[in-house]
Protein chains: 2
Amino acid sequence: MLKQCAAVLSSAGMVFCSLGAAAPAAAEEAPSLTAKQAETVDGLIDAGLEDDVAWEIVESLTTEIGPRLAATEAEARARDWGAAKLKSLGFKNVRIETFEMPYWGRVLEEAEIVSPFPQPLIVTALGRSSATPEGGVTAEVVRFRTLPELQAAPETGLEGKIVFVDEPMARMQGIAGYVTAVRKRSQAPVEAAKRGAAAVLIRSVGTDHHRNPHTGGAARAPDLTPVPVAALANPDADQLARAMERAEGPVTVRLDVQVETSDTAESGNVIGEIPGQTDELIVVGGHIDSWDLGTGAIDDGAGIAITTAAAKLVGDLRGKPKRTIRVVMWGAEEIGLNGADAYAEMHKDEIERTIIAAESDYGAGRIYRLDSGVGEAALPKIEVMEKALRRISIVPGDNTSGGGPDVGPIRRMGVPVVDLVQNGWDYFDLHHTPDDTLDKIDPEALRQNVAAWAAFIYMASEMEGDFGRFPAEEE
Amino acid sequence: MLKQCAAVLSSAGMVFCSLGAAAPAAAEEAPSLTAKQAETVDGLIDAGLEDDVAWEIVESLTTEIGPRLAATEAEARARDWGAAKLKSLGFKNVRIETFEMPYWGRVLEEAEIVSPFPQPLIVTALGRSSATPEGGVTAEVVRFRTLPELQAAPETGLEGKIVFVDEPMARMQGIAGYVTAVRKRSQAPVEAAKRGAAAVLIRSVGTDHHRNPHTGGAARAPDLTPVPVAALANPDADQLARAMERAEGPVTVRLDVQVETSDTAESGNVIGEIPGQTDELIVVGGHIDSWDLGTGAIDDGAGIAITTAAAKLVGDLRGKPKRTIRVVMWGAEEIGLNGADAYAEMHKDEIERTIIAAESDYGAGRIYRLDSGVGEAALPKIEVMEKALRRISIVPGDNTSGGGPDVGPIRRMGVPVVDLVQNGWDYFDLHHTPDDTLDKIDPEALRQNVAAWAAFIYMASEMEGDFGRFPAEEE
């Protein structure tokens, strides 16, 4: 534990660490909860650990709506569902805030080894991929073991070829494995476009060994013709690599990706509130859109369910909370954080009175750490929070958190954030695949999340003073 | 152990049990291996535990051929591959024995909940399913929790409906969970046809929670219009059941299954031999066809690889084996055991001199038990075999074995059999799904299989006397 803490200290500039005797001086002046507040926190944790509301929410969303790709009719149904659900749970000021965005959808995705070992390969198009010509593109495959290998490749030699980036992903509890692997998803099509390649295949950004490829957004290079890009399921990436190893000559693959797009389509955010005694805001939530392959249970039905159920527990307490608690179900997170940007734009006048924000968008695993992105003077408050959460196995983290993808824009506008960091060990077995379904959620872990979020929301609402502003570069 | 053995004794008429002091009298007269034979057996086990040939075979087959549905061009390529592989490994009398059979292939399989919760469902058509009308059939779903519930349903009331048989499968080390669950696959379409249903959906016969539905052969009722039948992935069966629970009225599903068929197409068996000092035969092998969804690694590339590599180890010994060892790669097992029937018919004159037969067709898990189906007088020989295999954790089994699906016809013609019973705990997570790929094979478990089979083949070849005839009902 001390070793881990030391590592955090060395890698982050501003950090608090309450392990061992070497806690910073600030801890000695830490504020504390009143006896009544502490009792309420304990009661909320107890209630969260028995909660069935979060499960009901995520079961309802994933069953009654299912997949809900950004800017589709299914996402619109999900917004209506969200507004109705918030109202039925007693939230006030429930509204849907729509916005316009481009639409992208998959129509067809097929791949096969044409020669020398003809057989199908299982692929999925990445978000915003361009289409191949009708019937697909058939070309020789050139394999790069990693993205850096492709980046280091000469500028000529890949014209008309299918680039295959085979970089595997490290399984980790935290996000670092994904942070590295996902660069392949965004950058491989750009690197391939620079070199005139016909198409790109990447090994799925995922840690499983199932025939379920992982989709996700791809980047496009400005000023370059976009290249169709698809992800191979991990066993299919293995297979293509083995075929290349065993073939005496080139391996030829046919990739057929057809998509539909439109410049403007409607998406939206859903908002509900527990009005407080002041107009200061605590903003929490998850994103209501999902990729189209699964039913969006862990990404991010769980986040919607956890934050809504937790806020409801706080709302059920006697009397109004000190601050207003706002639950946001952001739209169109997956394809480009459109809902997050729209929210920040529509609510820019409320930024000053948004005391703290946090999103749940890392699956449904247990929370094991409390990270923050707050002003240094507010770190003692975070320490108080963490100590209150210790009984459900949550340890101190660092102060470099971004708060989750959908709070990114308001964080960059100065809003402090926290991260209730979830165990992601299995998350990338399922992330962005057809396998993101309700049965993957452990009800006990979901309850632990509700307990932690309810306690956090309550403490954030009731604590004296603010959480400062994280000294972001943008300020 | 004693308890387990007692259970075996009570459930099987003819059995030998060498545990404890109560071993039957026959054990006292058990033959034993000569010192030299025992040394050879040990050497074969040691060599098997270091074997890389089986892995090379299954990697080659699954990579260079991939899926190989019965009576397709891919299965024909697999036969050519098999003959070339056997020759390259030094087998003699290598030949392909073709036969004609009907062909069935899937063209399209789609399903969706139409109302009240519109969303796609992931399905796969079962083998020999009839087609729906173009565009599919849309109808109300009627759910039965089990096959017996459907079987007990009235003869009227299901006309034009989609019957959904939601029976789950028990995870077990042995075959009993499958034996029960698979009845749903074969019998549900028959029961539905009797009642005039429009289509049948079954929960996949499998123990996993992935969006990979399990295919497999379905039965047709003679004299009844066949009903299209497809399997839902387990999470999709969960989803449909939940949708029915949450819907206020009927749940309507559209199922679209399109197939292609022909009355005659070519399949075949591949045969290779290690000639012995006599024309007595030891017949071992696996099936070379696979379902089309995966690459047939565990079903049954592994069986081909294990038996071929094991026979090669015996062939590599100095001098000819006493009996001729024949490796058979049966064709068209999955769709209807056509290769097994063709082999029995083509080789009926050799039945009398076929001393014993065995197939490896239960995945690639470790062998934990030696079952047999031999004449009672031969049981002491089986006991000798089991004792020699004990060092690789194989325990005695019972004498009720069928020897594997492809030796069924020759067993019924009187040929004794053994079963080197594999651990099937995880087998039905993968069986008949796209996930049946090479990465699911544990190389160490594969080697243990090779070790056991090499020792078995050698002992079967060298032991004095025969294995009698199992007193089958047909005799």
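The rules behind the values
Here, residues in each chain are numbered from 1, in the same order as that chain's written sequence. As a convention, the first chain written is A and the first ligand written is 1, with the rest following in written order. With pLDDT at 70 or above as the cut-off, local features in this predicted model cover only qualifying residues; side-chain atom pairs require 80 or more to be listed or tallied, and sums for whole chains, interfaces and linings still use all residues. Only hydrogens and water are set aside; all other atoms, that is, all heavy atoms of the structure, feed into the side-chain values. Elements are defined by DSSP. Helices are runs of H or I of four residues or more, strands are runs of E of two residues or more, and each kind is numbered from the N terminus. Only C-alpha atoms enter the radius of gyration; for comparison, a globular chain is expected to reach 2.2 Å times N to the power 0.38, where N is the number of residues. Here a residue-residue contact requires only that any non-hydrogen atoms of the pair lie within 4.5 Å. Here the Shrake-Rupley method, with its probe set to 1.4 Å, supplies the accessible areas, and only the displayed protein chains count as covering residues. Residues counted as positive are Lys and Arg, residues counted as negative are Asp and Glu, and His and the chain ends are not counted. The atoms used to mark charge sites are NZ of Lys, CZ of Arg, CG of Asp and CD of Glu. Least-squares superposition of the copies uses the C-alpha atoms of those residues scoring a pLDDT of at least 70 in each of them. When two rings of Phe, Tyr or Trp (its six-membered ring) have centres within 6.5 Å they constitute a pair, described as stacked for plane angles under 30 degrees, edge-to-face for angles over 60, and tilted for the intermediate range. Accessibility here uses a 1.4 Å probe with only protein chains present; expressed as a share of the type maximum, an area under 20% marks a residue as buried, one over 50% as exposed, and anything in between as partly exposed. By definition, a salt bridge exists where a carboxyl oxygen of Asp or Glu is found within 4 Å of a side-chain nitrogen of Lys or Arg. The predictor attaches a confidence to each residue, called pLDDT, with possible values from 0 through 100. Two N or O atoms form a polar contact when they lie within 3.5 Å of each other; inside protein one atom must be a possible hydrogen donor and the other a possible acceptor, and for residues adjacent in sequence the pair counts only when both atoms belong to side chains. An automatic or database domain assignment provides the domain bounds reported here. Note on definitions: buried area is the accessible-area loss of two parts on being combined, 1.4 Å probe, summed for both. Any two strands are treated as partners once DSSP identifies two or more bridges connecting them. Helix axes are fitted to C-alpha atoms over the stretch in contact, other axes to C-alpha atoms as well, and angles between N-to-C directions run from 0 to 180 degrees. Here the word oblique covers every angle except those under 35 degrees (roughly parallel), over 145 (roughly antiparallel) and from 65 to 115 (roughly perpendicular). We call Asp, Glu, Lys and Arg charged. Ala, Val, Leu, Ile, Met, Phe, Trp, Tyr, Cys and Pro are nonpolar, and the rest, Gly among them, are polar. In this scheme, a helix's expected span is set at 1.5 Å multiplied by one less than its residue total. Definitions for this section: a left-handed crossing has its near helix turned counterclockwise from the far helix by less than a right angle. A right-handed crossing has that turn clockwise.

Looking at the overall build of chain A
A tally of helices and strands in chain A yields 14 helices and 14 strands. Relative to a compact globule of 475 residues, whose C-alpha radius of gyration would be 23 Å, chain A shows 23 Å and is just as compact. Its C-alpha atoms put chain A at 75 × 50 × 40 Å along the principal axes. Long-range contacts, defined as pairs at least 24 residues apart, comprise 83% of the intrachain contacts of chain A with a sequence gap of at least 6. Carbon and sulfur atoms make up 51% of the accessible area of chain A, which totals about 17400 Å². The average position of the 45 basic charges and that of the 74 acidic charges among the side chains of chain A differ by 2 Å.

Regarding the relation of the copies chain B and chain A
Aligned on chain A, chain B shows an RMSD of 0.0 Å; the corresponding rotation is 180° and the shift along the axis is 0.0 Å. Within this description, the copies of the chain are treated as partners about a two-fold rotation axis. An overlap of 100% is found between the interface residues of chain B and their copies at the interface of chain A, pointing to a shared contact surface.

Considering the packing of aromatic side chains
Scanning the entire structure with this criterion turns up 12 aromatic pairs over all chains. Note on A:Trp330 and A:Tyr343: the rings are 6.0 Å apart at their centroids and 75° apart in plane angle, and the pair reads as edge-to-face. Note that A:Trp330 is positioned in strand E10 (residues 324-330) and A:Tyr343 in helix H10 (residues 338-346), a separation of 13 residues in sequence. On the basis of relative accessible area, A:Tyr343 is assigned to the buried category, the value being 2%. The interplanar angle of 50° and the centroid separation of 5.0 Å between the aromatic rings of B:Tyr362 and B:Tyr427 together place this pair among those described as tilted. Here B:Tyr362 is found in the loop between strand E11 (354-359) and strand E12 (367-373), whereas its partner B:Tyr427 is found in helix H13 (residues 427-430), with 65 residues between them in sequence. Using a relative accessible area of 11% as the deciding quantity, one classes B:Tyr362 as buried.

Brief notes about the pattern of salt bridges
One pass over the structure, following the stated rule, counts 76 salt bridges over all chains. Salt bridges sharing partners connect three or more residues here, namely A:Arg95, A:Glu97, A:Glu273, A:Asp279, A:Arg326, A:Glu350 and A:Arg353.

A closer look at the confidence of the model for chain A
Residues and elements named next belong to chain A. For chain A, per-residue confidence averages 92 on the pLDDT scale, and 92% of positions sit at 70 or higher. Every residue in residues 1-28 is under pLDDT 50, and counting partners more than four places away or in other chains gives 37 contacts. Here the prediction assigns the complex a pTM of 0.91, and the interface score ipTM is 0.90.

Section: unusual backbone geometry
What you tend to see is this: most non-glycine residues have negative phi, and most peptide bonds are trans. With an omega of 5°, the peptide bond running from B:Ser115 to B:Pro116 counts as cis. Structurally, B:Pro116 is set in the loop between strand E1 (92-115) and strand E2 (119-121). B:Asp299 connects to B:Asp300 through a cis peptide bond whose omega is 10°. Phi is positive for A:Asn93, close to 50°, though the residue is something other than glycine. For A:Asn93, the location among the structural elements is in strand E1 (residues 92-115). Judged by its relative accessible area of 44%, A:Asn93 is partly exposed.

Some words on the side chain of A:Asn234
All names here are of chain A. Structurally, Asn-234 is set in helix H7 (residues 234-246). In this structure the side chain of Asn-234 is engaged in a polar contact, spanning 3.1 Å, whose partner is the side chain of Arg-203. Side-chain polar atoms of Asn-234 contact the backbone oxygen of Gly-206, separated by 3.1 Å. Beyond its immediate stretch of four places on either side in the chain, Asn-234 contacts Arg-203, Ser-204, Gly-206, Thr-207, Asp-208 and His-210.

Thoughts on the domain arrangement of chain A
Residue and element names in this part refer to chain A. If you check the domain split of chain A, you get domain 1 (2-102 + 264-462) and domain 2 (117-250). For domain 1 and domain 2, the distance between their C-alpha centroids amounts to 33 Å. Between domain 1 and domain 2, the contact holds 19 residues from the first and 20 residues from the second. Both faces considered, domain 1 and domain 2 share a buried interface measuring about 1600 Å² in area, 54% of it formed by carbon and sulfur atoms.

Topic: the interface of chain B and chain A
Counting from both sides, the interface comprises 34 residues of chain B and, opposite them, 34 residues of chain A. For the pair chain B and chain A, the summed buried area comes to about 2700 Å², and 47% of that belongs to carbon and sulfur atoms. Looking only at chain B, the three residues that lose the most surface to chain A are B:Thr63, B:Arg211 and B:Arg246, adding up to 25% of its buried area. Applying the counting rule to chain B against chain A returns 6 salt bridges. Where A:Arg246 meets B:Glu56, a salt bridge forms, and the shortest distance between an N and an O atom there is 2.8 Å.

Some thoughts on the pairing of strand E9 (residues 281-287) of chain B
Residue and element names in this part refer to chain B. Counting buried positions along E9 yields 7 of 7 residues, so the element is predominantly enclosed. Every second residue of E9 is oriented toward a common face, with Leu-281, Val-283, Gly-285 and His-287 on one face and Ile-282, Val-284 and Gly-286 on the other, all of them buried. Here E9 runs beside strand E10 (residues 324-330); their pairing, made up of 7 bridges, is parallel. Directly across from His-287, in E10, lies its bridge partner Trp-330.

What about the side chain of A:Asp429?
Residue and element names in this part refer to chain A. Along the polypeptide, Asp-429 turns up in helix H13 (residues 427-430). Accessibility expressed as a relative area gives 17% for Asp-429, which makes it buried. Within the structure, the side chain of Asp-429 is placed 2.9 Å from the side chain of Arg-171, a separation counted as a polar contact. Among all residues touching Asp-429, those that are not within four sequence positions of it are Arg-171, Thr-207, Asp-208 and His-214.

Topic: the packing of helix H3 (residues 53-64) of chain A against helix H7 (residues 234-246) of chain B
Two numbers describe how H3(A) lies on H7(B): the axes approach to 10 Å, and their chain directions differ by 105°. Taken together, the axes of H3(A) and H7(B) are roughly perpendicular relative to one another. Within the contact between the two elements, H3(A) uses A:Glu56, A:Glu59, A:Ser60, A:Thr62, A:Thr63 and A:Glu64 and H7(B) uses B:Gln239, B:Arg242, B:Ala243 and B:Arg246. Residues belonging to the contact of H3(A) with H7(B) are distributed by class as follows: 1 nonpolar, 4 polar and 5 charged.

Observations concerning helix H4 (residues 73-88) of chain A
An α-helical turn contains 3.6 residues, so any two residues separated by three or four positions project in the same direction. Residues and elements named next belong to chain A. Taking 1.5 Å per residue as the helical rise, H4 with its 16 residues ought to reach 22 Å, and the 23 Å between its terminal C-alpha atoms agrees with that figure. In this fold, the buried residues of H4 make contact with H3, E1, strand E8 (252-274), helix H8 (297-315) and E10. Directly beyond the C-terminal end of H4, a positive phi value near 95° is found at Gly-90.

A short note on helix H14 (residues 443-462) of chain B
Residues and elements named next belong to chain B. The terminal C-alpha atoms of H14 lie 29 Å apart, and with 20 residues this matches the ideal 28 Å at 1.5 Å per residue to within 8%. H14 sits mainly inside the fold: 18 of its 20 residues count as buried. A distance of 2.9 Å separates the backbone nitrogen of Glu-444 from a side-chain oxygen at the start of H14, and that oxygen is part of Asp-442.

Quick notes on the environment of A:Val251
Residue and element names in this part refer to chain A. Along the chain, Val-251 falls in the loop between H7 and E8. Judged by relative accessible area, which is 2%, Val-251 ranks as buried. As a C-alpha pair, Val-251 and Ile-304 span 53 residues in sequence and 45 Å in three-dimensional space. Once you skip the residues sitting within four places of it in the chain, Val-251 turns out to touch Ile-113, Ser-115, Pro-116, Ala-139, Glu-140, Val-141, Leu-240, Ala-243 and Met-244.

Considerations on the packing of H3(A) against H8(A)
All names here are of chain A. At a minimum axis distance of 8 Å, the contact between H3 and H8 shows a crossing angle of 140°. Here H8 runs oblique to H3, going by the angle between their axes. Classified by chirality, the crossing of H8 by H3 is right-handed. In this structure, H3 uses Val-53, Ala-54, Ile-57, Val-58, Leu-61 and Thr-62 to contact H8, whose residues at the interface are Ala-297, Gly-301, Ala-302, Ile-304, Ala-305, Ile-306, Thr-308, Ala-309 and Lys-312. Within the contact of H3 with H8, the residues separate by chemical class into 11 nonpolar, 3 polar and 1 charged.

Re the environment of A:Tyr178
All names here are of chain A. As for its placement among the helices and strands, Tyr-178 is situated in helix H6 (residues 176-194). By relative accessible area, which is 14% here, Tyr-178 ends up buried. Spatially, the C-alpha atom of Tyr-178 lies 8.0 Å from that of Phe-428, the residues being 250 residues apart in sequence. The contact partners of Tyr-178, leaving out residues within four places of it in the chain, are Met-169, Arg-185, Val-205, Phe-428, His-431 and His-432. At 3.1 Å, the side chain of Tyr-178 and the side chain of Arg-185 are in polar contact.

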